[in-house]
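Topology and contacts: notes
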Amino acid sequence: MGDTLEFSDIYQEVKGSWNDGRLRFSKQNVVYKSSKTGKVDSIQAGELNLAQWRRVCLGHGIKLGTSSGHVYKYDGFRDTDFEKISEFFKANYKVELTEKDMCVKGWNWGTAKFSGPLLSFEVNDSTAFEVPLSNVSQCATGKNEVTLEFHQNDDTEVSLMEVRFYVPPNQSDERQDPVEAFAENVLSKADVIQATGDAVCIFKELQCLTPRGRYDIRIYPTFLHLHGKTFDYKIPYTTVLRLFLLPHKDQRQMFFVISLDPPIKQGQTRYHFLILLFSKEEDLSLTLNMSEEDVERRFEGKLSKNMSGSLYEMVSRVMKALVNRKITVPGNFQGHSGAQCITCSYKASSGLLYPLERGFIYVHKPPVHLRFEEISCVNFARGTTTTRSFDFEIETKQGNQYTFSSIEREEYGKLFDFVNAKKLNIKNRGFKEKKGMKGKIDEYSDSDEDQHDAYLERMKAEGKIREEGNDSEESDGESDESFNPGEEDDDIAEEYDSNASASDSSEDGDDSDDASEKKKPKKPKVVKEKKERKPRKEKKQKETGGPKRPMSAYMLWLNSSRERIKSENPGISITEISKKAGEMWRQLGKDEKEEWDTKAGEAKRNYEKAKQEFKESGGGATSSSKKESKKSGGKKEEKKRKSASADKDRERGGGNDSFKSKEFIETSESSSDSDHKSKSKRKKESDDDDEEEAVSTPASSDEESD
C-alpha cells in the first residue's frame, strides 16, 4: 500500500449545498480542498479519534471526529473503497473504520443528542439525521417547542428554512426547564451573532468601496460589525476566506480586501468582497479593550495591548490575528511603470488587475478573484478600439470567460512572461512548447499562501527558447499587427518612409528582454507590379422600336380583374390593390389558373415571332450607330470649347489699363502681332485636325444605308 490515498469528486455539505473537491489521506494528515472556493481543511493524524463508514445519499460517506470536538463529513465514495481505506486507517492512524447504519424507518419520535457541533436525532440508537449547529442562525422557544432557523445559501435550489422540535415536560427534574436546556445547548454551538460584551477595538470612519460608504468597524472576538449611516453588517470570522493587502498604482494608497463565503447581503445584492481603501499617510495609535494577560493568552504574541503605526497596518494586523488566516500580497510581478498591478477595464469599469503568486485579483467594480488552479487557459487578443492596447482573456474550467480590456501595449511583455512562468495554458502560443509547459502543481496547496515560488530559472530557460524560435522577431510585443508570441512578425515600415525602423513604443514594450541585443537589419520591401486593368465591358444597348415583352399569367389576370377589385373595395389604395390581388390569385383553383397560363404562353409565342421579324428587318442596329456618331460629335465640340476658352484667357492676360508708357505700347504691339500670327497658326492647325478627324471617322449608318 502506498503512502497516500487520493480521491476526486468527493463532496462536502456546506450550508445545504454540496461542494465537490479532492480528498487525500497521507501518513501525516487528512487534506480536503474545495474546488469551488479553494479552501483547504487539514486534519492532523494524531487528532483523529473517530472514523465511521455510512451509507448516504451520494453512495457512501466517511464521518471523522477529532479530539478537539470537530466533526468532518465527506460523501461520494464507492462501495469498493471501504477495504483499502480501512486498512490505511489501521496502519497509519491507529483508528478503526467502523460501519454505522442509518435509521430509515421515517419515525419522527426519538432522542436528541448533542455531540460537539452536531445535533443528532436518534431512533432506537440509530441516527435518523444530524443537524450541524453551525448552520443555525436563530433559536426560538415556545411552551413545549424549540424552533431552529438556518442560514440560507444562494447556491441551493431548495433550502431548509426551519425545524421544530417538541420537547415534552420532564417530571423528574423540576429545577430546569427542558425547553430552555435544549435551547442553551443549541445556542452554545450555533452560529448566532450576539453582540455581548465590549468590542476588542473600534476603527472610526473607514472608507469602504464595496459596500460603498464610510463605516465604523467594531472588532468583536467572533465577528466583525460594520456600522454605517444607512446599513449595518455583521460578518462572522468563519465566513472569511482570504485577506489581501494590495498597493494602489499611485503608491499613496492601499487596498485591504476581505473575501467572504457566503457573501453579505443587502436586498438582492450580494457582496462577496469587502474592500477598504486607506491612505499610506494616515497613522493610528490603537489600544485593545483587553488586559495584557488576556491579549497574550488569546493572540499568542500576534498582538499587543498598545500598538501604533499606519492605519492599514493596524487593521490588517488585527484582522490577521482574529481570523487566523495569512494575508496575500502581490508577488514579484512588476509592470512597465514599475507598479505591481496593471490598469485595465472589466465590464466597462476601469480598475486594477493584480497578478499574484497563485492567482489574479481585480479591484474594484466588480471585484474578481481567479485562482490558477481553476483557470483553463488565457488568451492575448487585439484591442477592439485601438492598436495601442490589447485584451487579456481568462477562461475557467467551468466555462466562464473574463475579459480585461484596454491594457497598455507596453505591459504585454511583462504579463506574457509572468503567465508563462506560472505555467498557465496560453491559447495563442506560437512556438511548440505547449505540451511541456504543464508542470505538476500541488493540487492540495492553499491559494492564499504568501510564499513565493522559485520560477526564475524556468523563466530564463523559456526566454532563451523564445529568442531561438523568433529569429526575425525584434520583441514579443513589437508589432501592432499580431499579439501571437513566437510567430514571426512581418516587417512593417512607417508611412511615407522607405526604410523605417520600429516605433518608439515598440522598443519600450520589451525593454526587459532585448535592450542589450543588436537590432538586425530588416529585409527590403518588395514592391509588387501593378496588374493591368481589364477593359470595361460595354453596356448592352436597349433595342428601340422592338416588340414589347409579354405579360405573365398573373399580370394578364390582374389587368382583367383590377376594375372588379376597385368596385368591390371602394377607396382602396394602389398598394392595397396589389395585396388583395395577390391573395385572390393564391386562392384561385388550378383550372382557373390554367386558362391564364394558356393566354400567357400564346402571348410569349407571338412575342418571339415578332422579335424574329424585327431582327430580320435590320432593327436594333441604328441605335448603336447613332450613339457612336453622337460620341464623335461630342469630341469635336469639346476641342472647340477648349480652344475658345484658351483664347479668352490670353485676351484677359493682355490687360485694359488706361495709361500705357511708350515702351509698353511698342512691346504690346509687337506682342499682339505675334499673338495674331500664333492665333491664326493655331486656327489653321485646329482646322487641319478637324479635317483629319472627319476623314478617320467612319460613315454613319444613314450613309451606309444609302
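Bear in mind that the values here come from a model prediction, so they are computed numbers and not experimental data.

About the thresholds
Residues numbered from 1 in each chain as written. Predicted model: local features only at pLDDT ≥ 70, side-chain atom pairs only at ≥ 80, totals over all residues. Heavy atoms only, no water. Buried < 20%, exposed > 50% of the residue type's maximum accessible area, 1.4 Å probe, protein only. Helix = DSSP H or I, 4+ residues; strand = E, 2+ residues; numbered from the N terminus. Phe/Tyr/Trp six-rings, centres within 6.5 Å; stacked < 30°, edge-to-face > 60°. Lys NZ or Arg CZ within 6 Å of the ring centre and 35° of its normal. Pairing = 2+ DSSP bridges. Axes fitted to C-alpha atoms, helices over the stretch in contact; angles between N-to-C directions. Contact = heavy atoms within 4.5 Å. Salt bridge = Lys/Arg side-chain N within 4 Å of Asp/Glu carboxyl O.

1. Some points on helix H5 (residues 412-421)
The buried count for H5 comes to 9 of 10 residues, which makes it a mostly enclosed element. Taken as a whole, H5 has its buried residues at Tyr412, Gly413, Leu415, Phe416, Asp417, Phe418, Val419, Asn420 and Ala421. Directly after H5, the chain includes Lys423, whose backbone phi takes a positive value near 60°.

2. Quick look at the packing of aromatic side chains
Overall, the coordinates contain 32 aromatic pairs when judged by the stated rule. Judged by centre distance (5.9 Å) and plane angle (50°), the ring pair of Trp53 and Phe77 falls under tilted. Highlighted residues: Trp53 in strand S5 (residues 48-56) and Phe77 in strand S7 (residues 71-77), separated in sequence by 24 residues. The exposure classification of Trp53 matches that of Phe77, with both residues buried. Arranged with centres 5.5 Å apart and planes meeting at 75°, the rings of Phe360 and Phe372 form a pair that is edge-to-face. Taken together, the residues span a long stretch of sequence, with Phe360 in strand S27 (residues 359-363) and Phe372 in the loop between strand S28 (368-371) and strand S29 (375-382) at a distance of 12 residues. The class for Phe372 is buried, based on a relative accessible area of 14%. Taken together, the aromatic side chains of Phe333, Phe360, Phe372, Phe380, Phe390, Phe392, Tyr412, Phe416 and Phe418 make up a single cluster linked through ring pairs. Against the face of Trp107 rests Lys105, its NZ or CZ located 4.7 Å from the ring centre. In this arrangement the basic side chain of Lys599 is found over the ring face of Trp596, its NZ or CZ atom lying 4.1 Å from the centre.

3. Notes on the sheet that holds strand S13 (residues 145-150)
Spatially, the 3 strands line up as an open sheet ordered S12-S13-S14, and their pairing is antiparallel. A strand with exactly one partner marks an edge of an open sheet, and here the two such strands are strand S12 (136-141) and strand S14 (162-166). In this sheet, adjacent strand axes meet at a mean angle of 15° when their direction is disregarded. Strands in contact with helix H2 (residues 178-189) are S12, S13 and S14; relative to S12, the strand with the most contacts, it is inclined by about 170°.

4. What about the pairing of strand S3 (residues 29-34)?
The element S3 is extensively covered by neighbouring structure, given that 6 of its 6 residues are classed as buried. Burial along S3 is two-sided: the face carrying Asn29, Val31 and Lys33 and the face carrying Val30, Tyr32 and Ser34 are both buried. With 5 bridges joining them, strand S2 (residues 17-26) and S3 adopt antiparallel strand pairing. Counterpart to Phe25 in the pairing with S3 is Val30. In this sheet, strand S4 (residues 40-44) lies alongside S3 in antiparallel orientation, the contact comprising 5 bridges. Across the sheet, residue Val31 finds its bridge partner in S4, namely Ser42.

5. Some thoughts on the environment of Lys100
Topologically, Lys100 is positioned in strand S8 (residues 98-100). When the C-alpha atoms of Lys100 and Gln52 are compared, they prove to be 6.2 Å apart, with 48 residues separating the residues in sequence. Leaving out residues up to four positions away in the same chain, Lys100 has contacts with Gln52, Trp53, Arg54, Arg55, Asp125 and Thr127.

6. Remarks on the side chain of Asn379
For Asn379, the location among the structural elements is in strand S29. Discounting chain neighbours no more than four positions away, the residues touching Asn379 are Asp391, Phe392, Glu393, Lys427 and Asn428.

7. Brief notes about the pattern of salt bridges
By the definition in use, this model includes 16 salt bridges. Residues Glu374 and Arg371 are paired through a salt bridge, measuring 3.7 Å at the closest nitrogen-oxygen approach. The two residues Glu374 and Arg371 agree in class, both being buried. What you see here is one network of salt bridges that share partners, running through Lys33, Arg371, Glu373 and Glu374.

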